[in-house]
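Chain by chain, the residues run as shown.
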Amino acid sequence: MSDAASDAANKGGELTVRVWRGAEVGAFATYLVPARANQTVLDVVTEIQRYHAPDLAYRFACRVGVCGSCAMTVNGVPRWTCRTHVSRVAKAGALTVEPLRNLPRIRDLACDMAPFFDKWKAAGGRFEGGATRADLPAAVDPASPKRRAADAGIECINCAVCHAACDVVAWDAEYLGPAALLRAWTLVNDERHLARRATLDRAMGPGGCASCHTQGSCMAHCPVGLSPTEGIAGLKRMSLAAMFLGDR
Amino acid sequence: MMERRLFVLQRLTALALAPLVLVHLGLVLVAVRGGLTAAEILSRTQGSVGWALFYGLFVVVVAIHAPIGVRNVLREWTGLARGAVDWLALGFGLLLLGVGLRAVWAVVG
């Protein structure tokens, strides 16, 4: 954008940004920041921290949609803030920014991700390999059905947007959640994973796939366009097949 | 594994319920031939092995299917302990089975 155009955009005035301050108990604070052309929600939060509230806690790392650190609730919707343009989400120049839902709040916009990753482990999400450094890397055929089934899921950036979007996670503390189950789905399709059966059993166990209501909020909100719903359906199919046809 | 078995049982019984419910609803429409009396129904059903098997199967399938769903609802929406929910669901299933089979016997016996 040329300087002139940039200046014109800057004349757009100010954004009114309500930001959650505190932990579980807290309140919204309102900040006025300049509206610019091409600014992301993360840019706005950073601007508030730099110029208005140096003690504002929030989390980010890469700023380009790879690391999955900066997810927050923006105007009531869970989003990756670094790739969310203000122009797309602001309503009449107003933004409300809160921490993600369904996770304990540490301070301001930062929430505790530990329960999220604990559920990964509970779903059997830990890779168990059998190869040593003396072995050649496994030759996985990219065209094999299993590899193709895991193609999408392995792109998950662990941002917890789906976890925050899921209503079942909100009302059922035991439910493992879409991210953990999608992780399990990629693992049971990984031919190098030795604990395949254990992962499948845990993903179908208490709080697992059977608790999913197939509401699809996870896939509607996933910033990288993945479908945990599809992975959960895949786990159910695989589990049924394992039960009736024996483990394959 | 109980969760998986219950999940599978719920799906399989749903599969069986689909035609059973359709036949049952169709029957309700067809059975009414210019008014309906208890005597008229009983004259057609009593001693019928076919209807006994049809509704006997219906009751058994419902007694498996419904408590699994009720168990899920109770687990998600009440603060009851897991064990209590399981017993409640089992009791509900046995109740459905008992009441249902008794009704089938009353109609075809």
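Residues numbered from 1 in each chain as written. Chains lettered and ligands numbered in written order. Predicted model: local features only at pLDDT ≥ 70, side-chain atom pairs only at ≥ 80, totals over all residues. Heavy atoms only, no water.

This part is about the overall build of chain A. Within chain A, the regular secondary structure consists of 11 helices and seven strands. Seen through its C-alpha atoms, chain A measures out along the principal axes to roughly 65 × 40 × 35 Å. Contacts spanning at least 24 positions in sequence make up 63% of the contacts within chain A whose residues lie at least 6 apart. For chain A, the exposed area adds up to about 12300 Å²; of that, 53% sits on carbon and sulfur atoms. (Helix = DSSP H or I, 4+ residues; strand = E, 2+ residues; numbered from the N terminus. Contact = heavy atoms within 4.5 Å. Areas by Shrake-Rupley, 256 points an atom, 1.4 Å probe, with all protein chains shown as cover.)

Turning next to the nonpolar core. Core analysis: the largest hydrophobic core is formed by 41 residues, its most contacted members being Leu100(A), Leu103(A), Phe116(A), Tyr175(A), Leu181(A) and Leu235(A). The set of elements that each furnish at least two residues to this core consists of α4 (114–122), α6 (161–165), α7 (167–171), α8 (178–188), α9 (196–203) and α11 (228–245) of chain A together with α1 (2–31) of chain B. Looking at this core, the element that brings in the most residues is α8(A), giving seven residues. Residues lining this core come from more than one domain, with at least three contributed by each of domain 1 (3–111) and domain 2 (114–245) of chain A. Look past the residues within four positions of Leu103(A) in its chain and what remains in contact with it is Cys111(A), Asp112(A), Met113(A), Pro115(A), Phe116(A), Ala160(A) and His163(A). Counting 23 residues, the second-largest nonpolar core is a separate cluster that includes Leu15(A), Ala35(A), Leu56(A) and Val86(A). (Core = buried A, V, L, I, M, F, W, Y, C linked by side-chain atoms within 4.5 Å. Buried < 20%, exposed > 50% of the residue type's maximum accessible area, 1.4 Å probe, protein only. Domains from an automatic or database assignment.)

All names here are of chain A. Along its sequence, chain A is carved into domain 1 (3–111) and domain 2 (114–245). The distance between the C-alpha centroids of domain 1 and domain 2 comes to 30 Å. Interface of domain 1 and domain 2: buried area, both sides summed, is about 1200 Å²; carbon and sulfur atoms make up 66% of it. Applying the counting rule to domain 1 against domain 2 returns one salt bridge. Between Asp-167 and Arg-101 there is a salt bridge, and its shortest N-O distance comes to 3.0 Å. (Buried area = accessible area lost by both parts, 1.4 Å probe. Salt bridge = Lys/Arg side-chain N within 4 Å of Asp/Glu carboxyl O.)

This next bit is on the packing of aromatic side chains. Here the structure, examined in full by the defined rule, presents 10 aromatic pairs over all chains. With a centroid separation of 5.4 Å and 15° between ring planes, the pair formed by Tyr58(A) and Phe60(A) is classed as stacked. The class of Tyr58(A) is buried, set by a relative accessible area of 13%. Their ring planes at 85° and their centres at 4.9 Å tell us that Phe54(B) and Tyr55(B) sit as a pair that is edge-to-face. Taken together, Trp51(B), Phe54(B), Tyr55(B) and Phe58(B) form an aromatic cluster joined through their ring pairs. Over the ring of Phe28(A) we find Arg18(A), and its NZ or CZ is 4.2 Å from the ring centre. Sitting over the ring of Trp20(A), Arg105(A) keeps its end group 4.9 Å from the ring centre. (Phe/Tyr/Trp six-rings, centres within 6.5 Å; stacked < 30°, edge-to-face > 60°. Lys NZ or Arg CZ within 6 Å of the ring centre and 35° of its normal.)

On the surface, a cluster of nonpolar side chains totalling about 540 Å² of accessible area is made up of Met243(A), Phe244(A), Leu245(A), Leu12(B) and Leu15(B). When contributions to the nonpolar patch are tallied by element, the ones reaching two or more residues are α11 of chain A together with α1 of chain B. The element best represented in the nonpolar patch is α11(A), accounting for three residues. Relative to the helices and strands, Leu12(B) resides in helix α1. (Patch = residues over 30% accessible without salt bridge, like charges linked within 9 Å, V, L, I, M, F, W, Y side chains within 5 Å.)

It is worth spelling out the interface of chain B and chain A at this point. Every contact between the two is made by 12 residues of chain B and, on the other side, 17 residues of chain A. Both sides together, the interface formed by chain B and chain A hides about 1300 Å², and carbon and sulfur atoms give 60% of it. Broken down residue by residue, the surface that chain B buries against chain A is led by Arg4(B), Phe7(B) and Glu76(B), which jointly contribute 47%. Inspection of the chain B/chain A interface yields four salt bridges. Arg75(B) serves as the salt-bridge partner of Glu174(A), at 4.0 Å between the closest nitrogen and oxygen. The interface formed by chain B and chain A contains five residue pairs in polar contact (both at pLDDT 80 or more). Among the elements of the structure, α1 and α3 (49–77) of chain B are those that each provide at least two residues to the side of chain B that touches chain A. The dominant element in the side of chain B that touches chain A, judged by the number of residues it contributes, is α1(B), at seven residues. In terms of residue class, the side of chain B that touches chain A is made up of five nonpolar, no polar and seven charged. (Polar contact = N/O pair within 3.5 Å; in protein donor to acceptor, adjacent residues only side chain to side chain. Nonpolar A, V, L, I, M, F, W, Y, C, P; charged D, E, K, R; others polar.)

In this section: α9(A). Those residues of α9(A) that fall on the buried side of the exposure criterion are Arg196(A), Thr199(A), Leu200(A) and Ala203(A). Down the axis of α9(A), the sector holding all buried residues measures 100°, keeping them to one side. Contacts from the buried residues of α9(A) go to α5 (145–150), α8 and α11 of chain A together with α1 of chain B. (Arc of directions from axis to C-beta.)

Another point: the pairing of strand β1 (residues 14–22) of chain A. All names here are of chain A. By the bridge criterion, nine bridges tie β1 to strand β2 (residues 26–34) in an arrangement that is antiparallel. For Val-19, the partnering residue across the bridge sits in β2 and is Ala-29. Taken together, β1 and the strand that follows it, β2, pair antiparallel across an intervening segment of three residues. Direction of pairing for β1 relative to strand β5 (residues 94–98): parallel, over a ladder of four bridges. Across the sheet, residue Thr-16 finds its bridge partner in β5, namely Ala-94. (Pairing = 2+ DSSP bridges.)

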